[in-house]
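Each chain is listed here by its residues.
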Amino acid sequence: MRIIQMLPTFAYGDAIGNDTLSLQDTLRNAGYETEIYADVIDAKLGKNAAKQAEDYEYRDGDIIFYHLSTGSDLNYKITEYPCKRIVMYHNITPPEFFRGYSADAEKACADGLRATKYLASKTDLCIVDSAYNGQDLIEMGYNCPMEVLPILIAFDDYKKEPDRKIIKQYDDGWVNIVFTGRVAPNKCPEDIIAAFYYYKKYIQPKSRLFLVGRYDGTPSYKAQLDAYVRKLDLADVYFTGHVRFDEILAYYHIADVFVCMSEHEGFCVPLVEAMYFKVPIIAYDSSAVGDTLGGSGLLLKDKSPQVAAEAMNLAVTNKALREQLITGQQRRLEDFEHDKIKKKFLEIIQSFLAGDAR
């Protein structure tokens, strides 16, 4: 019996790729035979990290553990094998977010959602990153056993040395507002910019905004954001683009507050990263954001610029509130400890193999 992890794209450094590797280590350490197969394999992972999905040869007793997050022919291919299937659903961004910005992204999301509905009657167990994702599947017709399992996060990586040049340049007494993640329409960086405009103009002129993440996937959207910044005549907004891991660490080290205005997240790993680095979090209450925060951070029901800016100011200047936020986030962080998630994952697998999945 083998547990075969499959995914359309096995990318270096992204949340799903890291989760896949961590789950593989967990399975192997527990004595299971396991492999990873993908349609697209990032060369930076090394030639032995995974095998091409087209080369997979089914063996009697195989279980396919499928990471579902986008449109792909593999979403349908996995149903051709006479085996049990576990689907790990990472959620799929509603395609309308990309309309007018990226036809390819819009199509990939639409195809992914269509395939998700197709798999509803062909899945033996679902594992979801958040309760929000589980509700998403229920609304798409899933009635198989379902378990909530947060993404496995490689916290040891965060102990690595951050880029000292960035820290030296920006750790200077100014307020540094940070968001990490792709610059994409569903993440609504324009709302962070609007809040920063109010904060910088009316509250703290000595402040900067760092939007840390790649933006090459939606160039017209990035151009629209640039035009918005120019229209506001707003200084000190930095789009970093894709950066090295040690640079990401540096931005967390200099951050005074982490702001997320995203309108669609299946989990949102950067929220957990901000918890780890003891950066107070201001976040708009949408999709899985509240699930991930689990009662920690400062969750906004209103994303108006004034409300968000005043919340940012409180998180920076109100010492008691700041300490309360960080303490709550540290408490929530304990729920994502590697050993806890690994233990629950193995319990889910063992229960499934024993035929006891709920």
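If you're wondering where the values come from, they're calculated on a predicted model, not measured in any experiment.

Turning next to the sheet that holds strand β11 (residues 257-260). Strand order in the open sheet formed by six strands is β10-β9-β8-β11-β12-β13, with parallel pairing between adjacent strands. Bordering the open sheet on either side are β10 (237-241) and β13 (298-300), each of which pairs with just one other strand. This sheet shows a mean twist of 20° between the axes of neighbouring strands, independent of strand direction. Relative to the sheet, helix α6 (residues 189-203) contacts β8 (175-180), β9 (207-212), β10 and β11, its axis offset from that of β9 by approximately 170°.

Its 16 residues give helix α3 (residues 103-118) an end-to-end C-alpha distance of 22 Å, which sits within 8% of 22 Å, the value for a rise of 1.5 Å per residue. Within α3, the full set of buried residues consists of Ala105, Cys109, Asp111, Gly112, Leu113, Ala115 and Thr116. Of the surrounding elements, those touching the buried residues of α3 are β4 (63-68), α2 (74-77), β5 (84-89) and α4 (131-139).

Turning our attention to the pairing of β8. Of all the six residues making up β8, six are buried; the element is thus mostly covered by neighbouring parts of the structure. Burial of β8 is two-sided: the residues Val175, Ile177 and Phe179 facing one way and the residues Asn176, Val178 and Thr180 facing the other way are all buried. Alignment of β8 against β9, held across six bridges, turns out to be parallel. Looking at the pairing, Val175 lines up with Ser207 of β9. Read from β8 through α6 to β9, the crossover connection turns out right-handed.

Position of Gly328 relative to the elements: it lies in helix α12 (residues 319-333). Residue Gly328 is classed as buried on the basis of its relative accessible area of 14%. A sequence separation of 31 residues divides Gly328 from Gly297, and the C-alpha atoms of the two residues are 7.0 Å apart.

A full pass over the atoms with the stated rule returns 23 salt bridges. Among the ionic pairs, Glu347 bridges to Lys343, the shortest N-O distance being 2.8 Å. With Glu347 and Lys343 both in helix α13 (residues 338-353) and four residues apart, the pair spans about one turn of that helix. On the accessibility criterion, Lys343 (54% relative accessible area) is exposed. A single network of salt bridges, built from pairs that share partners, joins Asp163, Arg244, Asp246 and Glu247.

Turning to the pairing of β10, a few remarks are in order. The side chains of a regular strand alternate, first on one face of the sheet and then on the other. Of the two faces of β10, only one is covered, namely that formed by Val237, Phe239 and Gly241; the face formed by Tyr238 and Thr240 stays uncovered. Relative to β10, β9 is paired through four bridges, and the arrangement is parallel. By the bridge assignment for β10, Phe210 is matched with Tyr238. For the crossover from β9 across helix α7 (residues 219-231) to β10, the handedness is right-handed.

In this model, helix α1 (residues 15-29) (15 residues) spans 21 Å end to end at C-alpha, consistent with the 21 Å of a helix rising 1.5 Å per residue. Along α1, the residues that are buried comprise Ile16, Gly17, Asp19, Thr20, Ser22, Leu23, Gln24, Thr26 and Leu27. Next to the buried residues of α1 lie β1 (2-10), β2 (33-41), β4, β5 and α13. Two residues or fewer after α1 comes Gly31, characterised by a positive phi angle close to 95°.

Moving on to the sheet that holds strand β3 (residues 51-52). One open sheet holds the seven strands; their spatial order is β3-β2-β1-β4-β5-β6-β7, and the pairing between them is parallel. Unpaired on one side and paired on the other, β3 and β7 (146-148) mark the two borders of the sheet. The sheet contact formed by strand β6 (residues 125-128) and β7 spans three bridges and is parallel. Its bridge partner being in β7, Val128 is matched across the sheet by Val148. Most of the contacts of α1 go to β1, to which it runs at about 165°, and overall it touches β1, β2, β4 and β5.

Each value, and the rule that gives it
Residues numbered from 1 in each chain as written. Predicted model: local features only at pLDDT ≥ 70, side-chain atom pairs only at ≥ 80, totals over all residues. Heavy atoms only, no water. Pairing = 2+ DSSP bridges. Helix = DSSP H or I, 4+ residues; strand = E, 2+ residues; numbered from the N terminus. Axes fitted to C-alpha atoms, helices over the stretch in contact; angles between N-to-C directions. Contact = heavy atoms within 4.5 Å. Expected span 1.5 Å × (residues − 1). Buried < 20%, exposed > 50% of the residue type's maximum accessible area, 1.4 Å probe, protein only. Right-handed = clockwise from strand over helix to strand, strands pointing away. Salt bridge = Lys/Arg side-chain N within 4 Å of Asp/Glu carboxyl O.

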